[in-house]
Amino acid sequence: MYSIALFVSNFAFTCGASLEQFTLDSMLNSSYDQRVPPGVDYGKLEESQATIVTVFLDFSQIFDINEGEMDFSVTLDLFQEWTDHRLTFEDSSLEQIQLDQKDIKKVWTPDTFFLQAKNGKLLDISKANTYLHIMKNGSVIYAMRLSLKLSCSMDFHLYPLDKQECKVVIESFGLTLDRLQYAWRERKPVNIQHFHLPLYQIHGPKTSVSTNYHDLTASEYSDLEVTIEFHRAIGYYMTEVFIPDVLIVLLSWVTFWLHPDAVPARVSLGAVTVLTISSQGSAARRYAPKVSYIKAIDIWSLCHILFVFGAMVEFSVVNVLSRKKRPIIEEMFFKSSNNKKIETHDHRPFMKEAKRIDFISRFAFPVVYIIFNILFWIVTMYLEH
């Protein structure tokens, strides 16, 4: 019984496959030209019209965002659908015809390419990941899985508070606007599957339709654009850059609370904070994108170095004033005109000014630092949005 059932199943499958092949061969007769788009009739060019190709993109992976090379890699499924009136059939036993890799080359397909692609390939795990289905009414569905490396023009002025807008543009390589036009699928034309990147958050996508004029051919070409936004995740930079820099600046203010005569303690504290903030800034910029213009991280690091260096300069001024003594001529005049003992005289009359500078610095430095932070974060957030 099992052998009979298996034979019947194989026979039915063979008959179905043969019927599909027979129907396909009858459509792809000598009058069918896979080089000509469905809407073009070279016998009656005035009646020709552009073939509308509906597109759906499904991003299964986005990875390897390379800031140095300004590109990123994706794995996506490209679905294209159009109507070819030459491929209609009326066989009631068939709902669709599924073509194998050999027969796909016999059917007209759009010469779609990705404008930003640096390199790419059709995935061929076990076999080429592509298929083409033909419906009764001549509707054709053509799908392929691609691995692409796409270029992206990145702007790092606000790094590491930046966001990058990367465009993926689809265009026909050789067919002009009057021969082929692209359109997005009406319902959710682009899908980005949920996954997390270490340093970015993905927003979007945004889709649009446009045309591209080529000077060489003096013709317009149909374009489809999808914009993907990569918002840099700030958590890593908060723990590695911003919070350590703030703590180092706060530590440098401890010197304002030490006595002017505590020279070893104030020198050691100032030197340690200056060296630490310098090495911290160098480490933050080491992994930053190498560009010729100033970035937000450069302004942040430079201002923090200036704050720490300013605390060191303040100590130098206080130290000079606190150690400054009365001139000899003034001292002799004081001895001759004062009836009190000379031991009671203050030999460092500028000590009060030194302490007064320390007192003012305890409030002036924090106020200026708070103003800087308010301006820095407000301006960067405003420019980002």
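Quick note: structure is the one above.
Described below are features of the structure shown in this document. Computed from a predicted model, the values in this text were never measured in an experiment. (Residues numbered from 1 in each chain as written. Predicted model: local features only at pLDDT ≥ 70, side-chain atom pairs only at ≥ 80, totals over all residues. Heavy atoms only, no water.)

1. Quick look at the overall build of the chain
Broken down by element type, the chain carries seven helices and 12 strands. Evaluated residue by residue, the chain yields a buried proportion of 39% over its 385 residues. Once local pairs closer than 6 in sequence are excluded, the contacts in the chain between residues at least 24 apart make up 76%. Surface summary for the chain: the accessible area is close to 22700 Å², and the carbon and sulfur share equals 60%. (Helix = DSSP H or I, 4+ residues; strand = E, 2+ residues; numbered from the N terminus. Buried < 20%, exposed > 50% of the residue type's maximum accessible area, 1.4 Å probe, protein only. Contact = heavy atoms within 4.5 Å. Areas by Shrake-Rupley, 256 points an atom, 1.4 Å probe, with all protein chains shown as cover.)

2. Some remarks on the packing of aromatic side chains
Taken as a whole, this structure holds 21 aromatic pairs when the rule is applied. When the ring of Trp300 is compared with that of Trp377, the centres are 6.0 Å apart and the planes differ by 65°; the resulting orientation is edge-to-face. Note that Trp300 is positioned in helix 5 (residues 296–323) and Trp377 in helix 7 (residues 351–384), a separation of 77 residues in sequence. Of the aromatic side chains, those joined through ring pairs into one cluster are Phe242, Trp253, Trp300, Phe307, Tyr369, Phe372, Phe376 and Trp377. Residue placement shows Arg185 over the ring face of Phe56; its charged tip is 3.9 Å from the ring centre. Lying over the aromatic face of Trp257, Arg362 brings its terminal NZ or CZ to 4.3 Å of the ring centre. (Phe/Tyr/Trp six-rings, centres within 6.5 Å; stacked < 30°, edge-to-face > 60°. Lys NZ or Arg CZ within 6 Å of the ring centre and 35° of its normal.)

3. A short note on the nonpolar core
Most often, soluble globular proteins keep nonpolar side chains buried together rather than apart. Leu57, Phe59, Phe72 and Phe114 are the most contacted members of the largest nonpolar core, which totals 73 residues. Those residues in contact with Leu57 that lie beyond four places of it in its chain are Leu76, Asp77, Leu78, Phe114, Ile170, Trp184, Pro189, Val190, Asn191 and Val226. (Core = buried A, V, L, I, M, F, W, Y, C linked by side-chain atoms within 4.5 Å.)

4. Side note on the sheet that holds strand 4 (residues 112–114)
The strand order 4-8-12-11 describes an open sheet built from four strands, whose pairing is antiparallel. Each edge of the open sheet is held by one strand with a lone partner, namely strand 4 and strand 11 (200–214). Across the sheet, the mean angle separating the axes of adjacent strands is 20° when strand polarity is ignored. As paired elements, strand 8 (residues 163–172) and strand 12 (residues 219–232) share nine bridges and run antiparallel to each other. (Pairing = 2+ DSSP bridges. Axes fitted to C-alpha atoms, helices over the stretch in contact; angles between N-to-C directions.)

5. Observations regarding the state of the cysteines
Tallied over the full model, the rule gives one disulfide. For Cys152, the disulfide goes to Cys166, at an S-S distance of 2.0 Å. Judged by the torsion about the S-S bond (-85°), the Cys152/Cys166 disulfide is left-handed. Of this pair, Cys152 sits in the loop between strand 7 (139–151) and strand 8 while Cys166 sits in strand 8; the two residues are 14 residues apart in sequence, bridging distant segments of the chain. With relative accessibility at 4%, the residue Cys152 sits in the buried group. (Disulfide = S-S within 2.5 Å.)

6. Some words on the pairing of strand 9 (residues 180–184)
Sheet faces and side chains relate simply in a regular strand, where the side chains alternate between the two faces. Covered by surrounding structure in strand 9 are Leu180, Tyr182 and Trp184 only, the residues Gln181 and Ala183 on the alternate face being uncovered. In the sheet, strand 1 (residues 51–66) pairs with strand 9 via five bridges, with the strands oriented parallel. For Ile52, the partnering residue across the bridge sits in strand 9 and is Gln181.

7. Notes on the packing of helix 3 (residues 235–252) against helix 7
Closest axis-to-axis distance for the helix 3/helix 7 pair is 12 Å, and the angle between their directions is 160°. The orientation of helix 3 with respect to helix 7, classified from their angle, is roughly antiparallel. Where helix 3 crosses over helix 7, the two elements pack in a sense that is right-handed. Contacts between helix 3 and helix 7 involve Met238, Phe242, Val246 and Val249 from the former and Tyr369, Phe376 and Trp377 from the latter. Its residues assigned to classes, the contact of helix 3 with helix 7 shows seven nonpolar, no polar and no charged. (Parallel < 35°, antiparallel > 145°, perpendicular 65-115°, else oblique. Left-handed = near helix turned anticlockwise from the far one by under 90°. Nonpolar A, V, L, I, M, F, W, Y, C, P; charged D, E, K, R; others polar.)

8. Comments concerning the side chain of Thr130
Tracing the chain through its elements places Thr130 in strand 6 (residues 130–135). Residues within four places of Thr130 in sequence aside, it is in contact with Gln101, Ile104, Leu122, Tyr142, Ala143 and Met144.

9. Observations concerning helix 4 (residues 263–286)
If you check helix 4, its first and last C-alpha atoms are 34 Å apart, about what 24 residues at 1.5 Å a residue would give, namely 34 Å. Inspection of helix 4 places Arg266, Leu269, Gly270, Thr273, Ile277, Gln280, Gly281 and Ala284 among the buried residues, and these make up the whole buried set. (Expected span 1.5 Å × (residues − 1).)

10. A short note on the environment of Ser278
Its place among the elements puts Ser278 in helix 4. Separated by 26 residues in sequence, Ser278 and His304 have C-alpha atoms that sit 9.1 Å apart.

11. Remarks on the pairing of strand 2 (residues 71–83)
In terms of residue burial, strand 2 counts as a mostly covered element, since 10 of its 13 residues are buried. Across 10 bridges, the pairing between strand 1 and strand 2 is antiparallel. Bridging from a neighbouring strand, Val55 pairs with Gln80 of strand 2. The turn linking strand 1 back onto strand 2 is made up of four residues, and Met70 within it adopts a positive phi angle of 55°. Of the pairings in the sheet, the one linking strand 2 to strand 7 comprises 13 bridges and is antiparallel in character. Following the sheet pairing, Phe72 is matched in strand 7 by Leu150.

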